[in-house]
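Residue-level structural notes
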Amino acid sequence: SNLKNGSLERHVKPRILECLGDIALAIRGNFEKYYKHVMILLQDASRLDFRQERDYETVEYMNSLREAIIETYVSILQGLADGEKEQLFVDHLKALPDFLGKIASDGDTSDEVIRASCSFIGDMARTLGPKNPQLRKYLLTQAHIKKIINDGFRRDDVCKKQAEYAKRHVMA
């Protein structure tokens, strides 16, 4: 895959993920046939470890990639929900705590990543919560979810708005 291609410039990789999200939104429930492959790709991308490299360019790339991963998850969830196939996403939830935990514990996480994370948490609770009450309970009890939402309240106004959205839907 191009995401693993070392010769491909870093700034292109997040755009590839965003295109996959755009496709999911456009074809809605028909994304099901690509879902498994794209989710594996997103899981692989979310496992990338940047702890050894903490220079400005790497931190900027890490934040750009994480934001693209989250935005792609959001687009897939919304596209599947529009096609009434959102339950497919439930099977993938077990892979998310590690990724969201990295975001919560990283001191270099950008406002954009926190904003996108809060939006994603709210979307999961709003879209999947009514049919999966255990998901809301899970979201309420996870320290990294609480930390991301609380961090959103300490950021810019856009982050605060998304943190409120996440809190409202998780608590519903």
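In what follows, the accompanying structure is described. (Residues numbered from 1 in each chain as written. Predicted model: local features only at pLDDT ≥ 70, side-chain atom pairs only at ≥ 80, totals over all residues. Heavy atoms only, no water.)

Further remarks concern the overall build of the protein. A count of helical and extended segments in the protein gives nine helices and zero strands. Tracing the protein from N to C terminus, the helices and strands come up as α-α-α-α-α-α-α-α-α. Taken over C-alpha atoms, the radius of gyration comes to 15 Å for the protein, in line with the 16 Å a tight globule of 172 residues would show. Pairs at least 24 apart in sequence give 74% of the contacts found in the protein among residues at least 6 apart. Summing over all exposed atoms, the protein offers an accessible surface of approximately 9,100 Å²; the carbon and sulfur share of this is 51%. Taken together, the 27 basic and 26 acidic charged side chains of the protein have centroids lying 6 Å from each other. (Helix = DSSP H or I, 4+ residues; strand = E, 2+ residues; numbered from the N terminus. Rg over C-alpha atoms; globule rule 2.2 N^0.38 Å. Contact = heavy atoms within 4.5 Å. Areas by Shrake-Rupley, 256 points an atom, 1.4 Å probe, with all protein chains shown as cover. Lys, Arg positive; Asp, Glu negative; His and termini not counted. Charge placed at Lys NZ, Arg CZ, Asp CG, Glu CD.)

This part takes up unusual backbone geometry. Non-glycine residue Arg28 carries a positive phi angle of around 50°. Tracing the backbone shows Arg28 in the loop between α1 (12-27) and α2 (32-46). Judged by its relative accessible area of 45%, Arg28 is partly exposed. For Glu84, which is not glycine, the phi dihedral falls at a positive 55°. (Buried < 20%, exposed > 50% of the residue type's maximum accessible area, 1.4 Å probe, protein only.)

What follows concerns the packing of aromatic side chains. Counted under the stated rule, the structure contains five aromatic pairs. Residues Tyr73 and Phe99 carry aromatic rings whose centres are separated by 6.5 Å and whose planes lie at 65° to one another, so their mutual orientation is edge-to-face. A residue pair is termed long-range when its members are at least 10 positions apart, and Tyr73 in helix α3 (residues 56-82) and Phe99 in helix α5 (residues 96-105) qualify at 26 residues. On the basis of relative accessibility, which here comes to 1%, the residue Tyr73 falls in the buried class. (Phe/Tyr/Trp six-rings, centres within 6.5 Å; stacked < 30°, edge-to-face > 60°.)

This brings us to the side chain of Asn132. Among the structural elements, Asn132 can be located in the loop between α6 (111-128) and α7 (133-141). With a relative accessible area of 6%, Asn132 lands in the buried category. Of note is the side chain of Asn132, whose polar atom sits 3.0 Å from the side chain of Gln87. The contacts of Asn132, once residues within four sequence positions are left out, are Gln87 and Val90. (Polar contact = N/O pair within 3.5 Å; in protein donor to acceptor, adjacent residues only side chain to side chain.)

What follows concerns α5. Looking at α5, one finds that the buried residues are Leu96, Phe99, Leu100, Gly101, Ile103 and Ala104. The secondary structure elements touched by the buried residues of α5 are α2, α3, α4 (87-90), α6 and α8 (143-153).

Time to look at α2. Across its 15 residues, α2 extends 21 Å between first and last C-alpha, which sits within 8% of the 21 Å expected from 1.5 Å per residue. Among all positions in α2, only Tyr35, Val38, Met39, Leu41, Leu42, Gln43, Ala45 and Ser46 are buried. As for α2, its buried residues are in contact with α1, α3, α4 and α5. (Expected span 1.5 Å × (residues − 1).)

It is worth stressing that arrangement in space is one thing and function is another; only the former is reported here.
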